[in-house]
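This is what each chain is made of:
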Amino acid sequence: VNLRTAGASLAGISALSSTTRIGDSEDPLVAEVTIADGVELTVEAPENSDEPSVLSIQAFAETKAYDQINITTVSGMSINVAVADLDSDTDAKVTIGDSTIANNSGDVHINTRSRSSLNGSASSMIASKLSALAVSDVRGDATVDNEIQLMGTRVTGDDIYIQAGRDRTGNV
């Protein structure tokens, strides 16, 4: 529980607010793989292997946040306001310059993926003799940018998978 309050009165107002920010548009949480110009990355299976090799270049950004607000009041007249606000801004990037990426014995996977889990809870419990008003509001906003940039890159392999927003196994 992030925020909790309890009170008793003839008449009262209780308000609690919780805000969680993970990155923002100016400064997001970033998972990044960069391969500079001139790099030669080559994969081959061992000579006596019947199994194909896999060359995988992946960036994965993950955020998790939990906010919980509880307000409990006993009064003649009462107003309770509980607000939980969760925001996440993440980038997953793979950038490969003028380079060679080669798998001579299998597939090549270049992937970016992001996952945000923003869990908010706001609750009010009022025991009132005359009147009561309770407002609970929870908002979660995830901004995700998955990006792959190949700039003059030569990619060779059996099958080539270049997927933004999906990992090597196909998970979104």
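What comes next concerns the included structure. Being a predicted model, the structure only gives us computed values, none of them experimental.

1. Here we look at the overall build of the protein chain
Moving on, step 1. Across its full length, the protein chain holds 0 helices and 8 strands.
Moving on, step 2. Order of helices (α) and strands (β) in the protein chain, N terminus to C terminus: β-β-β-β-β-β-β-β.
Moving on, step 3. For the protein chain, the C-alpha radius of gyration of 25 Å lies well beyond 16 Å, the compact-globule estimate for 172 residues.
Moving on, step 4. In terms of principal-axis extent, the alpha carbons of the protein chain reach across some 80 × 35 × 15 Å.
Moving on, step 5. Contacts spanning at least 24 positions in sequence make up 85% of the contacts within the protein chain whose residues lie at least 6 apart.
Moving on, step 6. Of the accessible surface of the protein chain, which amounts to about 9700 Å², a share of 47% is contributed by carbon and sulfur atoms.
Moving on, step 7. Of note, the protein chain has its 11 positive side-chain charges centred 14 Å away from the centre of its 25 negative side-chain charges.

2. Considerations on the environment of Ser131
Moving on, step 1. Locating Ser131 in the fold gives a position in strand 6 (residues 106–150).
Moving on, step 2. Residue Ser131 is classed as partly exposed on the basis of its relative accessible area of 38%.
Moving on, step 3. When the C-alpha atoms of Ser131 and Val144 are compared, they prove to be 44 Å apart, with 13 residues separating the residues in sequence.
Moving on, step 4. Among residues more than four places away in sequence, those in contact with Ser131 are Gly76, Met77 and Ser78.

3. Some details on the nonpolar core
Moving on, step 1. If you look at the biggest cluster of nonpolar residues, it comprises 13 residues, and the most contacted ones within it are Ile57, Val94, Ile96, Ile101, Val108 and Ile110.
Moving on, step 2. When contributions to this core are tallied by element, the ones reaching two or more residues are strand 2 (29–35), strand 4 (53–96) and strand 6.
Moving on, step 3. Leaving out residues up to four positions away in the same chain, Ile110 has contacts with Ile57, Val94, Ile96, Ile148, Leu150, Val155, Tyr161, Ile162 and Gln163.
Moving on, step 4. Core analysis: the second largest hydrophobic core is formed by 6 residues, Leu16, Ile69, Ala84 and Ala122 among them.

Criteria and thresholds
Residues numbered from 1 in each chain as written. Predicted model: local features only at pLDDT ≥ 70, side-chain atom pairs only at ≥ 80, totals over all residues. Heavy atoms only, no water. Helix = DSSP H or I, 4+ residues; strand = E, 2+ residues; numbered from the N terminus. Rg over C-alpha atoms; globule rule 2.2 N^0.38 Å. Contact = heavy atoms within 4.5 Å. Areas by Shrake-Rupley, 256 points an atom, 1.4 Å probe, with all protein chains shown as cover. Lys, Arg positive; Asp, Glu negative; His and termini not counted. Charge placed at Lys NZ, Arg CZ, Asp CG, Glu CD. Buried < 20%, exposed > 50% of the residue type's maximum accessible area, 1.4 Å probe, protein only. Core = buried A, V, L, I, M, F, W, Y, C linked by side-chain atoms within 4.5 Å.

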